[in-house]
Each structure stands twice: as C-alpha cells, then as structure tokens.
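# Report on the structure
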Amino acid sequence: MQEKTARKIWITGIVQGVGFRPFVYNLANQNQLNGWVRNTSSGVEIEISGRPSQIDLFLNSLNSNPPPLARIDNIDIQIINTDHHDSFEILTSQPRPGDFIPISPDMTICEDCLRELYDPTDPRYRYPFINCTNCGPRFTIIKDIPYDRKKTTMASFELCSYCESEYKDPTNRRFHAQPVACPECGPSVKLNMNQQLIAEDEEAIQKTRKLLADGKIVAIKGLGGFHLACDAANENAVNELRNRKKRSDKPFALMAYNLKIIEKFCKVNQKEADLLKSGAHPIVLLEKRENQPLPESIAPKQKTLGIMLPYTPLHYLLTEPAEWFPELLVMTSGNISDEPIAYQDEDAVERLDLIADAFLLHNRPIHTRVDDSVTRVVQDDIQILRRSRGYTPNSIASPFSLPQILATGTELKNTFCLSRDNYFFVSHHIGDLENFETLEAFQSGVVHFENLFRIKPQAIGCDLHPDYLATRYAKDRANKEKLPLYMIQHHHAHLAACLADNHWGREEPVIGLIFDGTGYGTDKAIWGGEFLIGGYKEFQRRFHLAYTPLAGGDLAIRTPSRMALSHLWKSGIDWDSALPCTHQLCMEERTVLRIQLEKGINAPPTSSMGRLFDAAAALIGIRQVVTYEGQAAIEMEMMVDPDEEDYYQFEINAENIDPTPLWHALVNDIQKGTPIPILAARFHNSIAHLSLQVAMQIKAETGISTLAMSGGVWQNKVLFLNTTNLLKNNGFELLMHHKVPTNDGGVSLGQAAITAKQIQS
Ligand code: ZN
Ligand code: ZN
Ligand code: FE
C-alpha cells in the first residue's frame, strides 16, 4: 500500500469552454484521486491527492490526451501536504480583472454530435444547431469574457430542463457547453422569399434544397456570416450568380458532403484530406481532375478548385447526397464584390436582396463576422492564404516577451494584430479597407479584440503609407491616447512577419526576398521587388527591381498591357504593333501613355515584382485587363510548361536589378513564334534564378545564409517551388510562412513584432 500524496497544478492555454474541467473530473475519478478543479482568470487550477502511481497516471493522461479543442501551453506542478479531500469536485471561480485566457476558434461539428444528428432516437435528431464542449460556435458568438452563456449571442435562449441537466452534469459531454441547445429551447431556421415566410425548421431546409436543385440562388446564414449558394454544376445558375454578385472571374468556393465526392472532381492526397477534415475545416485549393464536368465559370482559367467540407450541422443537412441533389454547391461569401461578408439578418436581406432568390435564416445572432479560411498544401507544407474561421483568434507564440501593442495592418486583405505577454493575436480577415462597411468592421474588430484579451495598447504600429485608412486610424488613436506611433515600411513588415511566423528569436540579420504587389517605400516610390537584409529592428534595402513608371497609378494595376508598354519604353524597346499588349490600346491611348511616360505625369516609380509579372503576362499575350488582384500572374502560372529549363538574364548594377536584357530576349522569343507555355516557363525560371544569383551575392558580401520569403507574389506555386528548390540546393536555410499568409494578411504580425522591438530599444 503506497502512501498518499498531493499535488497542486496550474495549467494555461485554451482550457476554458472546451470541456477541460469535466475531463479532469473524470480523469481524477478514474484514478481514485480526490481534490478539486476550478477555472481561474488565467487558466485552470487543480488540487489532487491519492497514491503516487495514480497521480503519475493522471498527469500523463492530462499531458498526452487533453480534450480535442484544448491547447495546453504550460503546466506547473507543486508537491503539497494535504489530505483533507474525500471526493473530487468542480469548484466555481472568480476572475481577476486584467487577466485573460485564450479563446477557442469556432470548431467544426464533432463525431459524437454528428452521430446524434443522424440518430432518430436522439432528442437533437436533425437539429441544425447541435453542439457540445468539443465543437460548435465560439469566437463568432462571444461578446465578452469570461466565456459564459450570458456573454454570448445565446444569452436570449433559456435552457430547457433537458439541456440544463446535461449542462450541469460533469460526466456529460455538454457540461458547461455554453452554446448548448435543442429543438425545444434553441435557435431555429426559416426560409424567406420576397420577405415572406415560406417554411420553418426541417421543411425550410428541404425547400432550400429543392430551390438549389432547381438552379436558384439562396443566401444561407451560417456560422460567421452569409453564403450565397447555388448548384455548382448548373452553368446558368453559376453565371447568374456572377452577374448578380458583380464578380466576373474570381473563383467561387465550393462545398461537398464528403471526401468521396470531392475526389471525383479533384486530386486529393493524404495531407490535403487531413487538412479538409481538420478542426478548422478550411477551404483547400485542390488540383482539378482532367475532364471533371463542372462549368469553367466556377474558376475560370484555374487548375485548382477551392473546396470545403460541411462544418456545421446545418451544412450537413443542406448538402446530404440524393439522386436529385447537386453533389457540389457554390458557397461563396455573401457580399457584393468588395464589400465585407453580410452577417446580420436585416443587413443581409437588404444587401443581398437583388442577388438571392431566397434566404435561409436563423435566429442565433453572429457577433463577429468571420470568413472561411483558405489553405493549400505545397510539398507537404500547409500554407494559409486567408486566416480566418477555425484559426482566429488562436494566438501565435512569440520568441520574445511583448508589450501591449496594436498594429493596424495594411489596406488590402487587412488584418490587425494585438500583442501581450508572449502572444500575438492576429485578427480574422477583415478585407480591403476601401469602403465604409469594411472600415467599420475593422474598428469594431479592434475594440472587440482589445476587450477579449484585456489589452490596452502602449504603442501603435502601422504602415508607412499616409493615405491608408488603417494608417489614419492609427494616427488618430496615437494622437488621442498620446501613444508612440511607429510607421513601418511595408516590406520590412513582411520580412518581420516571416520571422515571427517562424518563431525567430535570434538577433542576427537574414536576407529577405520580399516579392510583392504594392508597398510604400521610404523614398515614397512604390516598392515590391525587394532584396532586404535585416531583422525585427532594422533593415537595409540591398537590391531592388529598377524603377519603372506606374503610368496612370491604379489604371496601370488594372491594365497589365499598360505595365508591359511602360517596361518596354523604359528598356528602349519599340511598341511593335504585332505585340498583343500594344494593340490592346488604341492609337490615341498609346499617344497619351507615351506623353505620360516621357513627362512623368501621374506615373510614380515602382519596383513592384507583381507589376513585373503583370507586364510579362500582357507581353506574352495571356491577359491585358484584370478584374481581380493577381489575375494576370495566376493565369500565366497556369500556362507554364514544367519541362522548360531556359531562363533570361537581368542586369545588376549597384543596388539596381534592371530587367532590360530580359525584355529584349522575351520580345525576341515572341517574334520568333515561341509557344506561350515556353515563354511563361522562361519568365518564371528567370525570377527563380535571379533570386538565387542575388542571394549568393548577398551571402558572399555578408556571410548570411538564412533567407526569409514573404509577399503576395510567393503565392505563385510554380515560382515558389522553383525558387525554393534552387535555394535549398545551394545551401540556404529558408524561412517561409506557415501560420499567417505570405500576402498582406500577414503584415500586421510583422508590424507588431517590429513595434515591440523598437519600443524596447
Ligand atoms: Zn460536438
Ligand atoms: Zn434544450
Ligand atoms: Fe504586401
């Protein structure tokens, strides 16, 4: 018989609202341990007494097998002398002001709830809001902390006696599951057409399915906002949706009931299957199968489709396979072109009325709008292209301790970032800060995050661009609250974002390959093809693409042919009227453009790598006018002949990388009638080889062999793989994005890290 002993245990991490206390309660009982567990304002506290061998078993399981949504950051254990417990209890707790605990993201319906959803004997049989401590809404419904039903959008639903008995039973999966609900007491769905109620509950779901099967467009309220749905195989419906949504070419996201259906349309490897089925259930970009029958208009000129699995019980009920029902639904965010996703009922009905034939609504309010996350797998690595539902508000651990900081991010694909202790909190995807709705989402988002994580910024970081709305917000607040303001160069922030993403804690500088569309430079030029040397604190611009006029500003961004002509002009190459980029513009437009270029009227200099890709795509004849950011480069990437190995040269002098030799060679190849896939391949290879050449030169100068890659251009998979292979084969250590996007969605993380380091120095 062993002596009894006791322990006190403190745990931090995501340990509240995820079934942690009942898990501890059951574990203690299994091991015949007495004591108690309670939530504190910074985590969970446990006292246990019993036999040492049982205590060891308890601690092992605690570490190795916590509840699915829990994330243990730290466990402290102390041996204590106490033997007065004669049972194990769950105690109530008092939060201390100022403390915080991490909040779980919204999580996909779990296996147990899914089984109950389809069990005719279960009280929640086919109930679209079934959830438990292991799954369901979290971040989207939380109004304040501590996480408690009263402080969520479930507050107005009073628990029925059945739900309450589960909620209060420590052995039940729904013990303290704040959003717990059933058909008796919880939210319900209804179908509206022309502002008239058509059907409720199961009938509403079945009528929605009929409408979708009939080719209609239905606005569906989900977890973090509205989707616009239609039959993905119905070309008329898809085209109609494009017209009404004013979205001409940007790919639509899809949803399928299960993996088997997805595999009919796309190639799915194990890593991609795991990602589709992971707790976040993100959209995964998957390679289309040849001859799959979907209309081209789902994702024009793309080799991939963005697909997700159902992530709420409602989605399961809506997508159930039937002979007459579409296998794939378009599930695109419910908005008109660039506005943020609609999430409140009245607002959605008003804004989406001209798009949707019907509305499937429910009465559980959404507190924070959250878009679907977008991911892909590149050579076994997961890349996040849009970090939102299922990922936010998970914290990102910092390699150094952080003051309380707000970083306001950029103009496009905005996220903001707050920090404290050892955590960065990067926000959900806010969108392009170009209209009132998005700015409002940004502002209320900042306030919400500061409140949830009890952060009062001591300093603010923002972009160097004076006109960005996020910069103006930062300036206003810094003024009002008398806080130091750090204005950070965009590509330095990209570099730091990549370092923080890789938990980089070292002081020595790295080489930054920052290939991007647009960023305001310290010389007021528009940067984007940057070879930097630096770290968090400071950076040096060692090389950059030679400046070329961005004639007409935004017009040049929307019209790659103008960018091509600008590059040709800069390189002293004639505008041969046989070139597609030349005859895209009429004689008069060309005359005006030439005057603009020669006199430098509304033609700011740019070193943008994104614009270099645009120019090449137009010159080769792939795309002259774009309807969304990056379209020309994306379509050129799809054309690349993977077997072609030739490449063109740049001229490097001082800090300038001049593409003149490349343009001469490319125009020469075009005039010889070289096929487009070869031209596209040679251009991509040229950038990969340039990256290696310049990296080698910087390494020779400085001895640095660690390279950080960031910027939107790295979303180009062909370029990314070519370049990383070359660099790895030549002994470089590469830092790439995993936790935040390589595009501007990651920039706020870098701004926060830089601000933290600059404050401290
Ligand atoms: Zn569940
Ligand atoms: Zn109930
Ligand atoms: Fe950028």
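The present account deals with the structure reproduced in this document. Values in this document were obtained by computation on a predicted structure and should not be read as measured data.

A word on the pairing of strand β1 (residues 5-14). Across the 10 residues of β1, 8 count as buried, placing the element largely inside the fold. Of the pairings in the sheet, the one linking β1 to strand β3 (residues 43-50) comprises 7 bridges and is antiparallel in character. By the bridge assignment for β3, Arg7 is matched with Ile48.

The next point concerns the coordination of the zinc ion (ligand 1). Surrounding the zinc ion (ligand 1) are the protein donor atoms Cys110 (SG), Cys113 (SG), Cys132 (SG) and Cys135 (SG), which sit 2.3 to 2.4 Å from the metal. With 4 donor atoms in place around the zinc ion (ligand 1) and angles of 103 to 120° between them, the coordination shape is tetrahedral. Motif for the zinc ion (ligand 1), donor spacing along one chain: C-x2-C-x18-C-x2-C. With Cys113 in helix α3 (residues 111-117) and Cys135 in the loop between α3 and α4 (161-167), this residue pair connects regions lying 22 residues apart in the sequence. For Cys113, a relative accessible area of 0% gives the class buried.

When their charged atoms lie close together, side chains carrying opposite charge are able to pair. Inspection of every chain in the model, using the stated rule, returns 38 salt bridges. Linking Lys757 and Glu507 is a salt bridge whose minimum nitrogen-to-oxygen distance equals 3.5 Å. Highlighted residues: Lys757 in helix α23 (residues 747-760) and Glu507 in the loop between α13 (490-501) and β21 (510-520), separated in sequence by 250 residues. For Glu507, a relative accessible area of 58% gives the class exposed. A salt bridge links Arg541 to Glu530; the nearest nitrogen and oxygen atoms lie 2.5 Å apart. With Arg541 in strand β23 (residues 539-545) and Glu530 in strand β22 (residues 526-534), this pair connects stretches of sequence that are 11 residues apart. Of the two residues, Arg541 and Glu530, both sit in the buried class. Counted as one network, the salt bridges with shared partners bring together Asp112, Arg115, Glu116, Arg124, Glu166, Arg173 and Arg174.

We now examine the packing of helix α18 (residues 609-620) against helix α21 (residues 676-702). In the contact formed by α18 and α21, the axes pass within 10 Å of each other and the chain directions differ by 160°. Comparing the axis directions of α18 and α21 gives the class roughly antiparallel. Helix-helix and strand crossings are classified by hand; for α18 and α21 the assignment is right-handed. Note on element contacts: α21 touches α18 through Ile676, Leu679, Ala680, Phe683, His684 and Ile687, opposite Met609, Leu612, Phe613, Ala616 and Ile620. Split by residue class, the contact of α18 with α21 holds 10 nonpolar, 1 polar and no charged.

Spatial strand order, β18-β17-β19-β20: 4 strands in an open sheet with mixed pairing. Lying at the two open borders of the sheet, with one neighbouring strand each, are β18 (417-426) and β20 (485-488). Within this sheet the neighbouring strands show an average axis-to-axis angle of 55°, counted without direction. Judged from the 6 bridges that link them, strand β17 (residues 396-407) and β18 form a sheet pairing that is antiparallel. The residue bridging Leu402 from the neighbouring strand is Asp421, located in β18.

Turning next to the nonpolar core. Of all hydrophobic cores here, the largest spans 85 residues; its most connected members are Leu254, Ile298, Val330 and Leu360. Formed by 70 residues, the second largest nonpolar core is a distinct cluster that contains Met609, Ala632, Phe650 and Leu727.

Every protein donor of the zinc ion (ligand 2) is listed here as Cys160 (SG), Cys163 (SG), Cys182 (SG) and Cys185 (SG), and their distances to the metal cover 2.2 to 2.4 Å. Considering all 4 donor atoms around the zinc ion (ligand 2), the spread of angles at the metal, 102 to 117°, places the coordination shape in the tetrahedral class. Here the donor residues of the zinc ion (ligand 2) share one chain and are spaced in sequence as C-x2-C-x18-C-x2-C. Here Cys160 is found in the loop between α3 and α4, whereas its partner Cys185 is found in the loop between α4 and β6 (189-193), with 25 residues between them in sequence. Like Cys185, Cys160 is buried.

Within the secondary structure, His492 is located in helix α13. Note on His492: relative accessible area 3%, which makes it buried. The residues touching His492, leaving out its near neighbours within four places in the chain, are Leu532, Gly535, Tyr536, Lys537, Glu538, Phe539 and Ile754.

Moving on: empty space enclosed by the protein. In this structure the tally under the stated criterion is 5 cavities of 30 Å³ or more. Taken as a whole, the largest cavity holds about 150 Å³ of empty space. In this structure, the largest cavity is lined by 18 residues; those nearest its centre are Pro128, Leu223, Thr312, Pro313 and Arg364. Considering only residue class, the lining of the largest cavity consists of 11 nonpolar, 5 polar and 2 charged. Each pocket or cavity is described by its volume, and for the second largest cavity that value is around 90 Å³. Residue lining of the second largest cavity: Arg376, Gln383, Ile384, Leu385, Met709, Trp714, Phe720, Met736, His737, Val740, Pro741 and Thr742, and that is the complete set. Residue contributions to the lining of the second largest cavity peak at 3 residues, all from strand β16 (residues 381-386).

Analysis parameters
Residues numbered from 1 in each chain as written. Chains lettered and ligands numbered in written order. Predicted model: local features only at pLDDT ≥ 70, side-chain atom pairs only at ≥ 80, totals over all residues. Heavy atoms only, no water. Buried < 20%, exposed > 50% of the residue type's maximum accessible area, 1.4 Å probe, protein only. Helix = DSSP H or I, 4+ residues; strand = E, 2+ residues; numbered from the N terminus. Pairing = 2+ DSSP bridges. Donors = N, O, S within 2.8 Å, 3.2 Å for Na, K, Ca; no water. Tetrahedral: all angles 85-135°; square planar, octahedral: opposite > 155°, others 65-115°. Salt bridge = Lys/Arg side-chain N within 4 Å of Asp/Glu carboxyl O. Axes fitted to C-alpha atoms, helices over the stretch in contact; angles between N-to-C directions. Parallel < 35°, antiparallel > 145°, perpendicular 65-115°, else oblique. Left-handed = near helix turned anticlockwise from the far one by under 90°. Contact = heavy atoms within 4.5 Å. Nonpolar A, V, L, I, M, F, W, Y, C, P; charged D, E, K, R; others polar. Core = buried A, V, L, I, M, F, W, Y, C linked by side-chain atoms within 4.5 Å. 1 Å grid on protein atoms, 1.4 Å probe; cavity = no way out; pocket = protein on both sides within 12 Å on 5 of 7 lines; lining within 4 Å. Points joined across faces, edges and corners; volume = space filled by probe spheres on them.

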